[in-house]
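Per-entry structural report
This is what each chain is made of:
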2 protein chains.
Amino acid sequence: MSESFDAVEIIAVKRDRHELTDPQIDWVVDAFTRGVVVPEQMSALAMAILLNGMNRREISRWTNAMIDSGERMDFSSLSWATADKHSTGGVGDKITLPLAPLVAACGIAVPQLSGRGLGHTGGTLDKLESIPGWRADLSNEEMMAQLEDVGAVICAAGPGLAPADKKLYALRDVTGTVEAIPLIASSIMSKKIAEGTGSLVLDVKVGTGAFMKSEAMARELAETMVALGTDAGVRTVALLTDMSTPLGLTAGNACEVAESVEVLAGGGPSDVVELTLALAREMLVAAGKADVDPADALASGAAMDVWRRMISAQGGDPDAALPTAKETHVVTASASGTLTRLDAMAVGVAAWRLGAGRSRPGEQVQAGAGVVMHAKPGDAVTAGQPLMTLHTDTPERFERAVAALEGGYDIGTSAMQPVPVVIDRIG
Amino acid sequence: MSESFDAVEIIAVKRDRHELTDPQIDWVVDAFTRGVVVPEQMSALAMAILLNGMNRREISRWTNAMIDSGERMDFSSLSWATADKHSTGGVGDKITLPLAPLVAACGIAVPQLSGRGLGHTGGTLDKLESIPGWRADLSNEEMMAQLEDVGAVICAAGPGLAPADKKLYALRDVTGTVEAIPLIASSIMSKKIAEGTGSLVLDVKVGTGAFMKSEAMARELAETMVALGTDAGVRTVALLTDMSTPLGLTAGNACEVAESVEVLAGGGPSDVVELTLALAREMLVAAGKADVDPADALASGAAMDVWRRMISAQGGDPDAALPTAKETHVVTASASGTLTRLDAMAVGVAAWRLGAGRSRPGEQVQAGAGVVMHAKPGDAVTAGQPLMTLHTDTPERFERAVAALEGGYDIGTSAMQPVPVVIDRIG
């Protein structure tokens, strides 16, 4: 840093609706990482960014400054081309589990750095940790070796990747400044660009169970991230996908692993299969394998083979029985007709309250907890039939989970068409 | 507090342009004072308030919550009615010094809790501390006794008055959130209402040397404060006054005391006399003494008598020689003509750089440092005549002070009318 700035002056620039210069952005991100800009200053700046916005240049520079706060990974020594996927998070979103081995089975390596769940959205690592023996923490060397050997790895991001983002995200989480598109986009993309993937497919969710409740907001986020990735030389595309209803028939940890294995075995719920294949096709096209049909790798069992090798490589036993919860409670249909709505947020909160999710970072989750659905929107139901089965080790949780589901579904008299999973493609 | 809230939810209310409820305001101010709401959360909320505003009810409740964080003083046991004045701060603004004894000489007690200077604006306590022996810190009992005995006291506010405001102001100062009218108004009025004065006259300054650069902003601040005072049962009126040029012919510490004594002796610059009398009349009217003319108390020497007793009561020697600076530097007129502009901010920054002001709380100031002006806008000047004399103990400061004055004045060829000091009256 050759220049030095004053934090209050930089806050005032954004407060007064002006543009931050490149050197101002470089300085403030670096100084925040070093502790020279204190948290109360960065949170005021984050609120000013949330309310007054940043333009493309500012977001791009902010992203680069966060990348420069840490290490960059480099997959150029691999014999594989690489593609990665990022989902903005939803309920029942286990897609990473079948997707990573499926794409690897098609010849493209998938270095999937994942996170843990918070609130009503589940975390990929929490789900995989329900497999006995499986571990999320790999060294960079272990990750590279597994990628070369198996072609797929799903593990925790190390502390060296974009430390500015880790510090800023923790601050935004307690200061009401998470919901800023420039900060969401730069947070996601700084990690993905630093990770060094050659191609990236973004699954931007929209609906009640998603972070973005409106399609306009989701579209703006998707367009911002595609531009950031493209500017950084990463072939990037985004799918806008529906999260008004949960994905598949399970929301939890072990139950989502089981459903993913069903998909890898050639079965599974149609929406999960559809989205897995759609994302796999985008990853293959982005990585230069447009001629390969991932449906073949599902049908042939090749994807399942990679799954077993991927789980084993990280200490997991792919044949071990998955944990189950001690107690169950059945929610039944109150009327006969068509299930016209099953709200993703209601199911997500119910699963969280059953013990599948956590309220703050570091909390333990229950491997067996969650919601298993017996009907999805469009299905006919009869009064008294099971709609959902709730699972938990701690039955005192049922009451609050049932309360979360109240008003979370509708049973109507007319038939309805299911909502398509993929709403649009951007990039 | 019977209810408990979540800081992030309260930040989100204001972030999303909604109104905070009374219980939310009570909780967040109290929880911030207790350290439950952490600084990074309050600074995000302050930025959201700055950008999205608060309505009258919210500002009033916020003010009350800050008052409730500490003690309330009570002057009802005095045999005097009370009136106080608050200035939003300017350059050469020594008005409190002649005003407090003048109003007391007219039969209304003045409990003036004052502050220290920061940046380009001077502080009343810093000025008075140039009088040998004078002390700013009084106990509540000493203050009450002096008020009853002398009728005027100018001292530091104790730590018990609106501690929430002290903590919040320190935070706003480092987070770019000072410039929020709801927060400025509630900060000033919480202290003045907690102090317990019966009447209050606000001197809201507008112009380059003032905090409010535009008349519209100054007017909004004045109206907000008058409404807050009135709602709290304090008879409150505001004068909008000019701060595009310094008040009087001095900006510093001891030099401003000397000029104040000139006014009390019946002389002094006309703008200082005019504003002192205008504010005194407002205070007398508000406190029920509309029939008394303060000009009489200046002419008779009654105000000077109270000044001497007031200074003596706080350990000062009203007859002692005031400190003078070791070094002087004369700035001369570069042309002949009429001085058409003398910028308050330029003079304020010059005085600050000469050592009369401080850059951060707690810094020492020089008693003898400052700027003595030899001409004011409207005066004829000839090339080479002294325009200003700069005073400091540390001559290496002259260079930066002279630089601050560059472009800070204009000499024209046409005559001009001086700008009136009092722009408007609100209340």
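What you see is a predicted model, and the numbers here were worked out from it, not measured in a lab.

This part takes up the overall build of chain A. Secondary structure assignment for chain A yields 16 helices and 13 strands. For chain A, the C-alpha radius of gyration of 22 Å lies close to 22 Å, the compact-globule estimate for 427 residues. Residues classed as buried in chain A amount to 56% of the 427 residues present. Within chain A, counting contacts between residues at least 6 apart in sequence, those at least 24 apart form 79% of the total. Taken as a whole, chain A presents about 16,000 Å² of accessible surface, with 51% of it coming from carbon and sulfur.

As a further point, take the side chain of Lys376(A). All names here are of chain A. Mapped onto the elements, lysine 376 comes out in the loop between strand E9 (370–373) and strand E10 (380–381). Lysine 376 sits in the buried class, given a relative accessible area of 13%. A polar side-chain atom of lysine 376 sits 2.9 Å from the main-chain carbonyl oxygen of glycine 248. Reaching out from lysine 376, the side chain makes a polar contact with the side chain of aspartate 271 at a distance of 2.8 Å. Leave out the neighbours within four places in its chain, and lysine 376 touches Thr245, Pro246, Leu247, Gly248, Leu249, Asp271, Leu339 and Leu342.

A few words now on the sheet that holds strand E4 (residues 199–206) of chain B. Residue and element names in this part refer to chain B. A sheet is described by the order of its strands in space; here six strands give the open sequence E3-E2-E1-E4-E5-E13, paired in mixed fashion. In this open sheet, the two strands that pair with only one neighbour each are strand E3 (152–156) and strand E13 (422–426). The average angle at which neighbouring strand axes cross in this sheet is 20 degrees, direction not considered. Looking at chain direction, E4 and strand E5 (residues 235–242) are connected through eight bridges and run parallel. By the bridge assignment, valine 201 is partnered in E5 with valine 237. Lying over the sheet, helix H5 (residues 96–105) contacts strand E1 (81–87), strand E2 (108–114) and E3, oriented at roughly 155 degrees with respect to E2. Helix H7 (residues 140–150) contacts E2 and E3 of the sheet and is inclined by roughly 155 degrees relative to E3.

Looking now at the relation of the copies chain A and chain B. The two copies are related by a screw operation: chain A maps onto chain B through 179 degrees of rotation and 0.0 Å of translation along the axis, at an RMSD of 0.0 Å. The superposition operator between the copies reduces to a two-fold rotation axis. Taking the C-alpha atom as reference, chain A places Glu40(A) closest to the rotation axis, 1.9 Å from it. By residue overlap, the copies meet face to face through one surface: 100% of the interface positions of chain A are interface positions in chain B.

Ranked by size, the top nonpolar core spans 131 residues in total, and within it Trp62(A), Val204(A), Trp62(B), Leu202(B) and Val204(B) carry the most contacts. Ignoring any residue separated from it by four or fewer positions in sequence, one finds Val204(B) in contact with Thr88(B), Ala218(B), Leu221(B), Ala222(B), Met225(B), Ala238(B), Leu239(B), Leu240(B) and Thr241(B). Leu102(A), Val331(A), Leu387(A) and Tyr409(A) belong to the second-largest nonpolar core, a separate cluster that totals 75 residues.

Take the environment of Val153(A) next. Mapped onto the elements of the fold, Val153(A) is located in strand E3 (residues 152–156). Aside from chain neighbours lying at most four places away, what touches Val153(A) is Val110(A), Pro111(A), Gln112(A), Leu138(A), Met143(A), Gln146(A), Leu147(A), Met310(A) and Gln314(A).

So, about the packing of helix H2 (residues 22–34) of chain B against helix H4 (residues 56–67) of chain B. Residues and elements named next belong to chain B. Running from N to C, H2 and H4 point in directions that differ by 35 degrees, and their axes come no closer than 9 Å. H2 and H4 meet at a crossing whose hand is right-handed. In this structure, H2 contributes Asp22, Ile25, Asp26, Val28 and Val29 to the contact, and H4 contributes Arg57, Glu58, Arg61, Trp62, Ala65 and Met66. When grouped by side-chain class, the residues that make up the contact of H2 with H4 number six nonpolar, no polar and five charged.

Below, the discussion takes up the packing of helix H11 (residues 254–264) of chain B against helix H14 (residues 302–313) of chain B. In helix packing, the relevant descriptors are the interaxial angle and the interaxial distance, both defined with respect to the helix axes. Residue and element names in this part refer to chain B. The interhelical angle for the contact between H11 and H14, taken along N-to-C directions, is 140 degrees, at an axis separation of 8 Å. As far as their axial angle goes, H14 and H11 are oblique. Within the contact between the two elements, H11 uses Val257, Val261 and Leu264 and H14 uses Ala303, Met304 and Trp307. Residue composition of the contact of H11 with H14, grouped by class: six nonpolar, no polar and no charged.

With that settled, consider H4(B). All names here are of chain B. The end-to-end C-alpha distance of H4, which contains 12 residues, comes to 16 Å, matching closely the 16 Å that a straight helix rising 1.5 Å per residue would cover. Along its buried surface, H4 packs onto helix H1 (7–15), H2, helix H3 (39–52), helix H8 (163–174), helix H9 (181–195) and helix H10 (215–231). Taking the backbone nitrogen of arginine 57 as reference, a side-chain oxygen 3.2 Å away marks asparagine 55 as the first, capping residue of H4.

Sheets are built from strands that pair by backbone hydrogen bonding, the pairs being arranged parallel or antiparallel. All names here are of chain B. Strands sit in the order E10-E8-E12 across an open sheet of three strands; the sheet is antiparallel. The open sheet has two edge strands, strand E10 (380–381) and strand E12 (409–412), and neither has a second partner. Inspection of the sheet shows strand E8 (residues 337–342) paired to E10 by two bridges, in the antiparallel sense. Each bridged residue has a counterpart across the sheet, and for glycine 337 the counterpart in E10 is valine 381.

Another aspect to go through is the pairing of E1(B). All names here are of chain B. Counted residue by residue, E1 has six buried out of seven residues, so it is predominantly covered. In this structure, E1 lies alongside E2, joined through two bridges in parallel fashion. Paired with threonine 82 across the two strands is alanine 109, which belongs to E2. For the crossover that starts at E1, traverses H5 and ends in the parallel E2, the hand is right-handed. The pairing of E1 with E4 spans five bridges and is classified as parallel. When the bridges of E4 are listed, serine 87 appears paired with aspartate 203.

Moving on, we come to the interface of chain A and chain B. Contacts between the two partners involve 20 residues from chain A, matched on the other side by 20 residues from chain B. Carbon and sulfur atoms supply 67% of the area that chain A and chain B bury against each other, a total of about 1,600 Å² over both sides. The largest per-residue losses of area from chain A upon contact with chain B belong to Arg15(A), Glu40(A) and Leu51(A), which jointly make up 35% of the total buried on that side. Inspection of the chain A/chain B interface yields two salt bridges. Of all elements in the fold, only helix H1 (7–15), helix H3 (39–52) and helix H8 (163–174) of chain A reach the threshold of two or more residues within the side of chain A that touches chain B. The element best represented in the side of chain A that touches chain B is H3(A), accounting for 10 residues. Of the residues contributing to the side of chain A that touches chain B, the split by class is 10 nonpolar, five polar and five charged.

Here chain A is described as being made up of domain 1 (7–53), domain 2 (84–158 + 195–313) and domain 3 (327–412). Computed from C-alpha atoms alone, the centre-to-centre distance between domain 1 of chain A and domain 2 of chain A is 33 Å.

A word on the side chain of Thr82(A). Residues and elements named next belong to chain A. With respect to the secondary-structure elements, threonine 82 resides in strand E1 (residues 81–87). For threonine 82, a relative accessible area of 7% translates into the label buried. Polar side-chain contacts of threonine 82 include one of 3.0 Å to the backbone nitrogen of glycine 198.

Within an α-helix, residues lying three or four positions from one another point in the same direction, as the helix has 3.6 residues per turn. Residue and element names in this part refer to chain B. Extensive coverage of H5 is indicated by the burial of nine of its 10 residues. Buried residues of H5: Thr96, Leu97, Pro98, Leu99, Ala100, Pro101, Leu102, Val103 and Ala104, and no others. Glycine 107 sits one or two positions beyond H5 and adopts a positive phi of about 100 degrees.

Now for the pattern of salt bridges. Residue and element names in this part refer to chain B. Taken as a whole and assessed by the stated rule, the structure comprises 58 salt bridges over all chains. A salt bridge links lysine 14 to glutamate 58; the nearest nitrogen and oxygen atoms lie 2.9 Å apart. Of this pair, lysine 14 sits in helix H1 while glutamate 58 sits in helix H4, placing them 44 residues apart in sequence. Overall, lysine 14 belongs to the buried group, its relative accessible area being 3%.

Cut-offs applied
Residues numbered from 1 in each chain as written. Chains lettered and ligands numbered in written order. Predicted model: local features only at pLDDT ≥ 70, side-chain atom pairs only at ≥ 80, totals over all residues. Heavy atoms only, no water. Helix = DSSP H or I, 4+ residues; strand = E, 2+ residues; numbered from the N terminus. Rg over C-alpha atoms; globule rule 2.2 N^0.38 Å. Buried < 20%, exposed > 50% of the residue type's maximum accessible area, 1.4 Å probe, protein only. Contact = heavy atoms within 4.5 Å. Areas by Shrake-Rupley, 256 points an atom, 1.4 Å probe, with all protein chains shown as cover. Polar contact = N/O pair within 3.5 Å; in protein donor to acceptor, adjacent residues only side chain to side chain. Pairing = 2+ DSSP bridges. Axes fitted to C-alpha atoms, helices over the stretch in contact; angles between N-to-C directions. Least-squares fit on C-alpha atoms with pLDDT ≥ 70 in both. Core = buried A, V, L, I, M, F, W, Y, C linked by side-chain atoms within 4.5 Å. Left-handed = near helix turned anticlockwise from the far one by under 90°. Nonpolar A, V, L, I, M, F, W, Y, C, P; charged D, E, K, R; others polar. Parallel < 35°, antiparallel > 145°, perpendicular 65-115°, else oblique. Expected span 1.5 Å × (residues − 1). Right-handed = clockwise from strand over helix to strand, strands pointing away. Buried area = accessible area lost by both parts, 1.4 Å probe. Salt bridge = Lys/Arg side-chain N within 4 Å of Asp/Glu carboxyl O. Domains from an automatic or database assignment.

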